[in-house]
Amino acid sequence: MKANTWVSKHFQKGKQVCLVTGGSSGIGLNYARSFAAMGCDLVLVSENRTELEAVAKSIAMDYGVEVETITHDFTDPYGAPLLERRISEYRVGIFVSNAGFGMKGGFPAFSGDRYCDIISCHVSYPTLLLRRILFSQSKEDPLLIINVVTINVLAPTPFTAVYTATKAYLLSLFQSVEAEFSDRPYLWHNMLPGTTDTPFHVKQGVIPQAMVMKPEEVVRRSLDNIGKRIFIPNRMDRAIAPIFRILPSGAAMALAKFFLKRRLGVATGTHGAKEPAE
Ligand SMILES: NC(=O)c1ccc[n+]([C@@H]2O[C@H](COP(=O)([O-])OP(=O)(O)OC[C@H]3O[C@@H](n4cnc5c(N)ncnc54)[C@H](OP(=O)(O)O)[C@@H]3O)[C@@H](O)[C@H]2O)c1
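Predicted model, so just to flag it, every value in this text is computed and none were measured.

**Some remarks on the environment of alanine 32**
(1) Moving on: Within the fold, alanine 32 resides in helix α2 (residues 26–37).
(2) Moving on: On a C-alpha basis, the gap between alanine 32 and valine 20 in space is 6.6 Å, while along the polypeptide they are 12 residues apart.

Structure, rendered in structure tokens:
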């Protein structure tokens, strides 16, 4: 099923909104633009107010839809109740859980605070937002849920251990909750991008080297396959995925480490160049 078919059948334009976390950039921005092009009003959430408001203005002008913004930092450990209250003002018909950032390097290379940040952004906030949206949802209203994780979830991945672990949590969470709500008219789409050409890499100081896709193409393929519960947009990744399922865990991790180095050139032979910040 294609997303525009789902939207024209199920989305109540003018009453419901499409909520995109991390909608100011990269993959989230491309989901936001695509749903706006289908006539959906948007609520975009991200951290940088100036960037978010500029994006909202440009989408509203380009597609003639309402675009509201919520500036919120998902690393704020105390801010979740406030964000939940803001979200509950809307009737959400599409939820794109996407906000996130990368963390490549040896396990001891990052500070404890930075690990708290990524766990807050990738674990606590998506959990609480998903709960809030489902809590507020009437039993009859259809809902499309897109969970942006990563191809890394195929195996524990050394040298990006915490990032991968948080994304594996998200996949597990969304799949379990889907099973709990199997009697509801909800469509769940877990999206596993490989290396995608967005600011994500510059922000963590790496340069993608291989198997890179444009975010427009990643999102186009995802929306063309919205009926798939687990979707891998990169064809090469899709071909390799079954190998991970049959390999013993040690071999799967070695393969994951090989691909990490090939794609991002991370120095996986050391514990990272950075010193712990404490
Ligand atoms: N690019 C890849 O190769 C790749 C591969 C696999 C999975 N992914 C996943 O795809 C998702 C989107 O990443 P992207 O590649 O599109 O990167 P991106 O262009 O850097 O976009 C990330 C988005 O998340 C928001 N965000 C980051 N930290 C946040 C925070 N603390 N609080 C609130 N919002 C925050 C950013 O907002 P601000 O700019 O305001 O911070 C931005 O809107 C992420 O979850 C990432 O893990 C990316």
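**Concerning empty space enclosed by the protein**
(1) Moving on: All told, the structure shown has 2 cavities of 30 Å³ or more when counted by the stated rule.
(2) Moving on: Looking at the largest cavity, its volume works out to about 40 Å³.
(3) Moving on: As for the largest cavity, its lining consists of Met103, Gly105, Gly106, Phe107, Phe110, Tyr115, Phe159, Thr160, Ala161, Val162 and Tyr163.
(4) Moving on: Sort the elements by how many residues they give to the lining of the largest cavity and helix α6 (residues 161–180) lands first, with 3 residues.
(5) Moving on: Counted by class, the lining of the largest cavity contains 8 nonpolar, 3 polar and no charged residues.
(6) Moving on: The space that makes up the second largest cavity amounts to roughly 30 Å³.
(7) Moving on: Taken together, Thr21, Phe74, Ser97, Asn98, Ala99, Cys121, Tyr125, Pro126 and Leu129 make up the full set of residues lining the second largest cavity.
(8) Moving on: When residues of the lining of the second largest cavity are assigned to their parent elements, the largest contribution, 4 residues, is made by helix α5 (residues 112–136).
(9) Moving on: Looking at the lining of the second largest cavity residue by residue, the classes come out as 6 nonpolar, 3 polar and no charged.

**With respect to the packing of aromatic side chains**
(1) Moving on: Tallying each qualifying case throughout the model produces 8 aromatic pairs.
(2) Moving on: A ring pair is formed by phenylalanine 174 and tryptophan 188, whose centres lie 6.2 Å apart and whose planes are at 80°; its orientation type is edge-to-face. Taken together, the residues phenylalanine 174 in helix α6 and tryptophan 188 in strand β6 (residues 186–191) connect sequence positions 14 residues apart. The pair formed by phenylalanine 174 and tryptophan 188 is uniform in burial state, with each residue classed as buried.
(3) Moving on: Their ring planes at 70° and their centres at 5.4 Å tell us that phenylalanine 258 and phenylalanine 259 sit as a pair that is edge-to-face.
(4) Moving on: The lysine or arginine in question, lysine 104, covers the ring of tyrosine 163, its NZ or CZ lying 5.1 Å from the ring centre.

**Some remarks on α6**
(1) Moving on: In a regular helix each residue adds 1.5 Å, so 20 residues correspond to 28 Å; α6 covers 29 Å between its end C-alpha atoms and thus fits that length.
(2) Moving on: Within α6, the full set of buried residues consists of Val162, Tyr163, Thr164, Thr166, Lys167, Leu170, Leu171, Leu173, Phe174, Val177 and Glu178.
(3) Moving on: On its buried face, α6 is in contact with β4 (92–97), α5, β5 (143–148), β6, α7 (200–203) and β7 (230–231).

Rules and cut-offs
Residues numbered from 1 in each chain as written. Predicted model: local features only at pLDDT ≥ 70, side-chain atom pairs only at ≥ 80, totals over all residues. Heavy atoms only, no water. Helix = DSSP H or I, 4+ residues; strand = E, 2+ residues; numbered from the N terminus. 1 Å grid on protein atoms, 1.4 Å probe; cavity = no way out; pocket = protein on both sides within 12 Å on 5 of 7 lines; lining within 4 Å. Points joined across faces, edges and corners; volume = space filled by probe spheres on them. Nonpolar A, V, L, I, M, F, W, Y, C, P; charged D, E, K, R; others polar. Phe/Tyr/Trp six-rings, centres within 6.5 Å; stacked < 30°, edge-to-face > 60°. Buried < 20%, exposed > 50% of the residue type's maximum accessible area, 1.4 Å probe, protein only. Lys NZ or Arg CZ within 6 Å of the ring centre and 35° of its normal. Expected span 1.5 Å × (residues − 1). Contact = heavy atoms within 4.5 Å.

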